[in-house]
Amino acid sequence: MTASSRPVAGAPGDSPAGPVIEAETIFPIPHDRRHGRTRDLFTVWCGSNMMMLTIVTGALSTGLFGLSIGPALLAIVLGSLVGGVVMALHAAQGPMLGVPQMVQTRGQFGSVGAVPIMVLATLMYLGFTASNLVLGGETLRVALPGLGRVPAVLAIGVCSMAPTIFGYRGIHAGARVLTWLGGLAILYALARGLPLLAHLAALPRHGSFLGFLGALSTAALWQIAYAPNVSDSSRYLPATTDGGRRAFAACYAGSVTGSVLPMVVGALLGPFVRQDDVTGSLAGLVSPHAVPVLSVLALGIAISTAMNIYCAALSSITIIQTFVAGWRPGRAVRLGLTAAILLLSLGVALLAERHFFQSYTAFLEMLMAFLVPWTAVNLVDYYLVRRGAYDVASFFRADGGIYGRFNVAALLAYGFGLVVQFPFMTNGYYTGPAVPLLHGVDISWIVGLSLTTPAYLWLLRVFAPSGADGWDGRRVWTVVLLAGLLLPATRAGAGCLDDVRRAGVLTSGTGLLGDRIALWQDREGGYHGVTADLFFEIARRMDVSRARFIPTEWPTLIPGLKARRWDIVLSDIAITQERIIDGNVLFSAPYFRLYDHVIVLGDSPIRTMDDLRGKILGSVVGSTDSMVAHGLVAQGYGASVSDYNNWGDPFMALRNGQIDAVVLDQDSLLSHKDEFKSLRIVGDPLFYQAKPAWREAERASPYYLGDEGIVVRPACTDLLAALNTTLEAMRADGTLKAILKKNGVWEPVQDHLIKPQPTGR
């Protein structure tokens, strides 16, 4: 059978090419309503990618994944080229079938069998919409400092409504404008960022194959994530003989170009991003023209948001129509669902903003696992099995027409493709048992694509119609065999400690490299310092043959831990309830009693704490030292705080006259006294003070919050128990005290890591 369509009546006054406000929803576009040019697909996918979220994704390569600029750019380009092929193959289906992608999924999975895929796609649209709203609001706030957080997010939502209301035409028109405006903004940012290349090349980055594959996968997933909706933007084009091929070329070129350029900007910014503030870093790069550049990128986010809302509405209609076959929704239903989806996404955006950067990374990782087997089944069925010939009318029948309610072969192949990824998958929630054997590399998406394709072709042969009403023996044994293959893959992986011992290496992220007290390297590459001695002794006592540091920037330590780039974080991180609750991590018992000093140059006029009034303090982003510094400013001791990415930069800024005083811990002071002569302490030691919300938790804790501990993921309770047992043994036998004395940092306060326990009643 060939693709067919049935006309949908338009509203009075509709032009032959279609109404101003789109009337069609999920039903086939009649041939007399087909319009547009293939090259419009270039602008719709180029312009919709010219936004802040694309820049954030690029920043992951040199930020979270820790790559140097060369490997980062290579990963971005390769990932985009590979993922773009998958995306464009879906785009080519639009002109030939004239229906949204989720409707066409009924041809592979059956009318009811496709519903879970539609639900997944709708959740994906909601996730990207919320992400866009967060970044759009942040972009507006930087461009317009007087605008509050909630008004900024709401403004992006309002800007997204106009193209969404007009539908297909409105989104295409907006994307055409953004291709030019966004292109100019991105090219200007690139021109301003090129001088950074020399500085980036000199940075001591320590990227790994894991980081490269992570960055490549993220860029590929960015493209693959468009697969469920890309044909929605091409379904109005005329169904000419070469329409599919031309749609492929236009979408591929537009999406890859529109993604790679902003991602390159993000890669240039990644090492300089503080506290996940990519927008603020971009504003600094393009200053003094930050307002027009950020305004254009905010408008780009609005267009992309409109596209996601539009596709979410179509997908929602498709889900409902599955169970109400005679329902003929029009523009009123689409507009009503559009409003509901926008309101829901706004709620998610406003609630999730504080942890957006980490949540966005985990969202991408989980999204990959669910999209890969669906796209494999869809593309194999369209290009290899049916070769584009579908009975479109059957998509809308109550019984699924010739495709039925369920396609067992497609559903089994999808389940198989999903489950076989589990052993090779690592993300913020789960680590498969094969990942340690691959040294932390996540190859789940490659496994999913590679195995789902042949599995579906084989299952189609097994479940081909045989003329019998029931299942024959071959089908029964196939299901039994698949179940036997999949059950081992679904088992939870061994504990984190077992994974570490099996790999034979304990890895730790660190942002301390170069600190002459905490962690430094000799000319042969050997590690020394308090942290090194502690780390190697812990690994030895835990029966792990090797201990390996992975240097990175301070702000990426916790995100890197969650992304399984390292097993623990041993990097002088202070234990706080804020990090435990908001950061969703666990801490070991403390190994070092920590306090801060206010540090100035020897000839500084600052002699007392009162002399700090009106002065600029320097500290390290994301540290408890920074919390203490901001607390001093709140009390009137200091005008502002400049946060830096590593421990040496505040001292450099102090010497250069950029700041007036440094607020850092006693270890940092000892580490830099030789390099920065005549440093002087002002006032008494400053111990960490928990925020009012956490003071009850501090009172209940057996140790003092603010002291240094080892960080692990929440799932690694076995590893945490082993660390605590080891640290307690090292305290009891004097090893911990000996390590501190050896490195010149022991003092009587270190004997009070654990609070005195009350005796009696």
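Shown above is the structure to which this text applies.
None of these values were measured; they are calculated from a predicted model.

Q: Honestly, the pattern of salt bridges in this entry has me stumped. Any pointers?
A: Side-chain pairs of opposite charge can arise where the charged atoms are in close proximity. Enumeration over the complete set of coordinates arrives at 14 salt bridges. Asp707 serves as the salt-bridge partner of Arg593, at 2.9 Å between the closest nitrogen and oxygen. Of the two residues, Arg593 sits in the loop between strand S6 (586-587) and strand S7 (596-601) while Asp707 sits in the loop between helix H27 (695-700) and strand S12 (708-712), which places them 114 residues apart along the sequence. Each member of the pair Arg593 and Asp707 is classed as buried. Because the salt bridges share partners, they merge into one network encompassing Glu537, Arg540, Arg541 and Asp733.

Q: Would you mind showing me how to read the sheet that holds S6 here?
A: The pairing of strands in a sheet comes from backbone hydrogen bonds and takes either a parallel or an antiparallel form. Spatial strand order, S4-S1-S5-S12-S6: 5 strands in an open sheet with mixed pairing. Each edge of the open sheet is held by one strand with a lone partner, namely strand S4 (546-551) and S6. In terms of strand pairing, S6 meets S12 through 2 bridges, oriented antiparallel. Note that in S12 the partner of Phe587 across the bridge is Val711. Across the sheet, helix H28 (residues 717-732) is in contact with strand S5 (568-574), S6 and S12; its angle to S12 comes to roughly 155°.

Q: It is not clear to me how the sheet that holds strand S9 (residues 640-644) should be interpreted in this structure. Could you clarify?
A: As summarised here, the arrangement of the 5 strands in space is S9-S8-S10-S7-S11, forming an open sheet in which the pairing is mixed. With partners counted over all chains shown, the strands left at the sheet margins are S9 and strand S11 (679-686), one partner each. Strand-to-strand twist in this sheet, taken as the mean axis angle between neighbours without regard to direction, amounts to 30°. Each of S7, strand S8 (616-620), S9, strand S10 (661-665) and S11 touches helix H24 (residues 624-634); the most contacted strand, S8, lies at about 160° to it.

Q: Hey, could you run me through the state of the cysteines in this one?
A: What is meant by a disulfide is a covalent connection between two cysteines, made through their sulfur atoms. Within this structure, the stated rule accounts for 1 disulfide. Bridging Cys496 to Cys716, the disulfide has an S-S length of 2.1 Å. Its S-S torsion of approximately -65° makes the covalent link between Cys496 and Cys716 left-handed. Placement of Cys496 in helix H20 (residues 496-503) and of Cys716 in the loop between S12 and H28 is noted, with a sequence separation of 220 residues between them. Of the residues examined, Cys716 reaches a relative accessible area of 0% and is grouped as buried.

Q: Looking at this structure, how should I read the nonpolar core?
A: Trp45, Met52, Ile55, Val265, Leu282, Phe395 and Phe396 are the most contacted members of the largest nonpolar core, which has 122 residues in total. Element by element, the count of residues in this core is highest for helix H14 (residues 290-323), at 17 residues. Core analysis: the second largest hydrophobic core is formed by 35 residues, Leu497, Tyr591, Leu594 and Cys716 among them.

How each quantity is defined
Each chain carries its own residue numbering, running from 1 in the direction its sequence is written. A pLDDT threshold of at least 70 governs which residues receive local features in this predicted model, and a stricter bar of 80 or more applies before side-chain atom pairs are shown or counted, although totals over entire chains, interfaces and linings include all residues. Water and hydrogen atoms play no part in the side-chain values, which are based on all heavy atoms of the structure. By definition here, a salt bridge exists when the distance from a side-chain nitrogen of Lys or Arg to a carboxyl oxygen of Asp or Glu is within 4 Å. Numbering of helices and strands runs from the N terminus, with a helix taken as a DSSP run of H or I at least four residues long and a strand as a DSSP run of E at least two residues long. Per-residue accessibility, obtained with a 1.4 Å probe over protein chains only, is compared with the maximum for each type, and a residue is labelled buried under 20%, exposed over 50%, and partly exposed between these values. For two strands to be treated as a pair, DSSP must find no fewer than two bridges joining them. Note on contacts: a residue pair qualifies if any of its non-hydrogen atoms lie within 4.5 Å across the two residues. Interaxial angles span 0 to 180 degrees and are taken between N-to-C directions of axes, which are lines fitted to C-alpha atoms, for helices over the stretch in contact. Sulfur atoms of two cysteines make up a disulfide when they are within 2.5 Å. As used in this record, nonpolar core signifies buried Ala, Val, Leu, Ile, Met, Phe, Trp, Tyr and Cys residues forming a set joined through side-chain atoms within 4.5 Å.

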